[in-house]
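If you want the building blocks of each chain, they are given just below.
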Amino acid sequence: MNSPDRPVLEAEHLTKRYGKRTALDDCALAVPRGRIVGLVGPNGAGKSTLLNLTCGLTTPTSGALRVLGARPGGNLARVGFVAQDTPVYAGLTVAEHLRMGARLNPSWDGALARRRIADAALDPNARAGRLSGGQRAQLALTVAAAKRPDLLLLDEPAAALDPLARKAFLHDLVDFVAELGSTAILSSHLLADVERVCDHLIVLSGGRVRVAGDVRDLLTDGRRLEELVLSHLEATR
Ligand SMILES: Nc1ncnc2c1ncn2[C@@H]1O[C@H](COP(=O)(O)OP(=O)(O)OP(=O)(O)O)[C@@H](O)[C@H]1O
């Protein structure tokens, strides 16, 4: 069971190797519920690996990982995941994606899905394979959010969105997390976005956790989040 006080994500000595390459190295994490977590770090730092482990797409080489109090992948209805390449079914229309989401997810929020599709000006009859990269991202985000998951994992969600769509998406995300008391973890290279919406920060570099904690506890010296992140990344280069 996941009690309200228990971290939604708990990692101890978490290590993931791909052959000889170490993607995550002896990581410890405890992410509290109700946060919007910014997962930042340079290319190849291990961010996608951590998100893939969290949703059970891949398994640790060693160490322990608990997600919503269970093994990763054990709570799929409660976890929404949008991978970096925003996977959608090319042959299905936007409306068919929503119908499939409704059939597969007991907590499906049809009104939220329809509102997001209308806001993003997506044609319900358009096939996903014919959408632009940003439109596909909008569709994938809509499907993940309409599940009303307890934990929403987003791998560079805003990268393909235009500035207005990005602003609206970040706004929605804050509302969504506040309304449901859920938790979102988003990996991003856009430090301004992270600064704007995230209240918890994880900095990964070289597969190790360099900083993790609530932003208000980390920024006690008047520094900006961007400065904090950059100083850690420069120190671990
Ligand atoms: N399937 C895989 N097979 C082999 N190596 C992999 C695989 N996936 C990731 N890696 C390696 O693991 C390390 C971490 O990769 P990961 O994709 O987690 O980084 P990232 O922080 O998400 O990077 P980016 O910001 O570029 O998306 C990299 O060195 C990468 O080459």
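As shown above, the structure is provided for reference.
Here the structure is a predicted model, which is why all the values come from computation and not from measurement.

Remarks on the environment of Gly-133
Note on placement: Gly-133 falls in helix 4 (residues 133–146). Residues Gly-133 and Asp-85, 48 residues apart in the sequence, show an inter-C-alpha distance of 9.0 Å.

Some points on the site of the ligand
Near the ligand the following residues occur: Tyr-18, Arg-21, Ala-23, Gly-41, Asn-43, Gly-44, Ala-45, Gly-46, Lys-47, Ser-48 and Thr-49. Among the elements that line the shell around the ligand, the one with the most residues is helix 1 (residues 47–54), at 3 residues. Of the residues belonging to the shell around the ligand, the class tally is 3 nonpolar, 6 polar and 2 charged.

Brief notes about the pairing of strand 5 (residues 79–82)
The alternating pattern of strand 5 places Val-79 and Phe-81 on one face and Gly-80 and Val-82 on the opposite face, and all of these are buried. Bridge count between strand 5 and strand 6 (residues 151–155): 4 bridges; the pairing is parallel. Bridged to Phe-81 within strand 6 is Leu-153.

Quick look at helix 3 (residues 110–119)
Among all positions in helix 3, only Ala-113, Arg-116 and Ile-117 are buried. Relative to the axis of helix 3, the buried residues are bounded by an arc of 100° and lie together on one face. In helix 3, the exposed positions that point more than 90 degrees away from the buried face belong to Ala-111 and Ala-118. One or two steps after helix 3, the chain reaches Ala-121, where phi turns positive at roughly 55°.

Observations regarding the packing of helix 2 (residues 94–104) against helix 4
In contact at an axis separation of 10 Å, helix 2 and helix 4 are set at 20° when each is read in the N-to-C sense. In this view, helix 2 runs roughly parallel relative to helix 4, as classed from their interaxial angle. Between helix 2 and helix 4 the crossing geometry is right-handed. For the pair helix 2 and helix 4, the contacting residues are Val-94, His-97 and Gly-101 in the first and Leu-139, Val-143 and Ala-146 in the second. The residue inventory of the contact of helix 2 with helix 4, partitioned by class, reads 4 nonpolar, 2 polar and no charged.

A look at the sheet that holds strand 2 (residues 21–31)
Read from one edge of the open sheet, 3 strands run 2-1-4, paired in antiparallel fashion. Two strands bound the open sheet, and with one partner strand each, they are strand 2 and strand 4 (62–67). Neighbouring strand axes in the sheet, compared pairwise and without regard to direction, differ in orientation by 25° on average. Summarising the sheet, strand 1 (residues 9–18) and strand 4 pair through 5 bridges and their orientation is antiparallel. Among the inter-strand pairings, Leu-9 is bridged to a residue of strand 4, identified as Val-67.

Quick notes on the sheet that holds strand 8 (residues 200–205)
Sheet architecture is open: 6 strands sit in the order 5-6-7-3-8-9, paired in mixed fashion. One side of each edge strand has no neighbouring strand; the edge strands of this open sheet are strand 5 and strand 9 (208–214). Strand after strand, the sheet turns through a mean of 10° between neighbouring axes, direction not considered. Pairing analysis gives 6 bridges linking strand 8 to strand 9, with the strands arranged antiparallel. If you follow Ser-205 over to strand 9, its bridge partner there is Arg-208.

The rules behind these values
- Residues numbered from 1 in each chain as written.
- Predicted model: local features only at pLDDT ≥ 70, side-chain atom pairs only at ≥ 80, totals over all residues.
- Helix = DSSP H or I, 4+ residues; strand = E, 2+ residues; numbered from the N terminus.
- Near = placed C-beta within 6 Å.
- Nonpolar A, V, L, I, M, F, W, Y, C, P; charged D, E, K, R; others polar.
- Buried ≥ 20, exposed ≤ 12 C-beta atoms within 10 Å, placed from the backbone.
- Pairing = 2+ DSSP bridges.
- Arc of directions from axis to C-beta.
- Axes fitted to C-alpha atoms, helices over the stretch in contact; angles between N-to-C directions.
- Parallel < 35°, antiparallel > 145°, perpendicular 65-115°, else oblique.
- Left-handed = near helix turned anticlockwise from the far one by under 90°.
- Contact = placed C-beta atoms within 7 Å.

By themselves these figures say nothing about function.
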